[in-house]
Amino acid sequence: MPRVETSIPPNTPIPIGPYSHVSKVGEWISIGGLAGVDPASGELAGSDVRSQARQILANFAVMLESAGSDLGHVVEMTIFLLDIADFAALNEVYVEAMGDHRPARTAIGVAALPKPGAVVTMALRAVTRD
């Protein structure tokens, strides 16, 4: 039976609840909902969707690397926006980070997010490079 490995990689934000950021089973990797927190300061990277999304994607890159993957191996991403009007700005940052890679994606407008001040959170599923 496959074993579930969980981790909170170094140089990533501390979770705000009783969970690990990364779960891995075989070649499959899941990263749970993540706000745009700068791991060095423990604070949100800014107040707008662009700065928070950039930080989330940078944190994802570190987390994926720790699990033997990268943004080019993302299979699916789920995005939760406090204001769906931020969709276009989010897409700009998303394309900067993802390049030509276009995994399946869902974006949802929500009434609230768990991290005070967060305007976006993201979660993803990926596979390892091997």
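Scroll up to find the structure.
About the thresholds
- Residues numbered from 1 in each chain as written.
- Predicted model: local features only at pLDDT ≥ 70, side-chain atom pairs only at ≥ 80, totals over all residues.
- Heavy atoms only, no water.
- Helix = DSSP H or I, 4+ residues; strand = E, 2+ residues; numbered from the N terminus.
- Rg over C-alpha atoms; globule rule 2.2 N^0.38 Å.
- Buried < 20%, exposed > 50% of the residue type's maximum accessible area, 1.4 Å probe, protein only.
- Contact = heavy atoms within 4.5 Å.
- Areas by Shrake-Rupley, 256 points an atom, 1.4 Å probe, with all protein chains shown as cover.
- Pairing = 2+ DSSP bridges.
- Right-handed = clockwise from strand over helix to strand, strands pointing away.
- Expected span 1.5 Å × (residues − 1).
- Axes fitted to C-alpha atoms, helices over the stretch in contact; angles between N-to-C directions.
- Phe/Tyr/Trp six-rings, centres within 6.5 Å; stacked < 30°, edge-to-face > 60°.
- Lys NZ or Arg CZ within 6 Å of the ring centre and 35° of its normal.

Asks: Residues and numbers for the overall build of the protein, please.
Replies: Counting secondary structure elements, the protein contains two helices and six strands. By the compact-globule yardstick of 14 Å for 130 residues, the protein fits well, its C-alpha radius of gyration being 14 Å. Its C-alpha atoms put the protein at 45 × 30 × 25 Å along the principal axes. Within the protein, buried positions represent 37% of all 130 residues. Of all intrachain contacts in the protein linking residues separated by at least 6 positions in sequence, the fraction that spans at least 24 positions is 69%. Only carbon and sulfur atoms are counted for the fraction: they give 56% of the accessible area of the protein, which is about 6,700 Å².

Asks: Describe in detail the pairing of strand β4 (residues 74-81), supporting the description with residues and values.
Replies: Direction of pairing for β4 relative to strand β6 (residues 120-127): antiparallel, over a ladder of seven bridges. Of the residues in β6, the one forming a bridge with Ile79 is Met122. Bridge count between β4 and strand β5 (residues 104-109): six bridges; the pairing is parallel. Across the sheet, Phe80 pairs through a bridge with Ile108, a residue of β5. This β-α-β element, β4 to helix α2 (residues 87-98) to β5, shows right-handed connectivity.

Asks: Account for α2, with residues named and values stated.
Replies: The first and last C-alpha atoms of α2 sit 16 Å apart over twelve residues, in line with the 16 Å expected at 1.5 Å per residue. Buried positions along α2 lie against α1 (49-66), β4, β5 and β6. Among the residues trailing α2, Gly99 stands out with phi positive, at a value near 60 degrees.

Asks: Residue-level account of the sheet that holds β4, with values.
Replies: Sheet architecture is open: six strands sit in the order β1-β2-β3-β6-β4-β5, paired in mixed fashion. Looking at which strands have only one partner, the edges of the open sheet turn out to be β1 (5-7) and β5. Within the sheet, the average angular offset between the axes of one strand and its neighbour, ignoring direction, is 10 degrees. Contacting β2 (22-25), β3 (28-35), β4 and β6, α1 runs over the sheet at an angle of about 25 degrees to β6. The sheet contacts of α2 involve β4, β5 and β6, and relative to β4 the element is tilted by about 150 degrees.

Asks: Just give me the short version of the packing of aromatic side chains, but keep the residues and values in it.
Replies: Considering all chains together, one arrives at zero aromatic pairs under this definition. Above the ring of Tyr94, the side-chain terminus of Arg105 is found at 4.4 Å from the ring centroid.

Asks: Tell me about the side chain of His21, and please be specific about residues and values.
Replies: One can find His21 in the loop between β1 and β2. For His21, a relative accessible area of 3% corresponds to the buried category. Residues within four places of His21 in sequence aside, it is in contact with Ser7, Ile8, Thr12, Pro13, Ile14, Pro15, Ser30, Ile31, Gly32, Leu34 and Met63.

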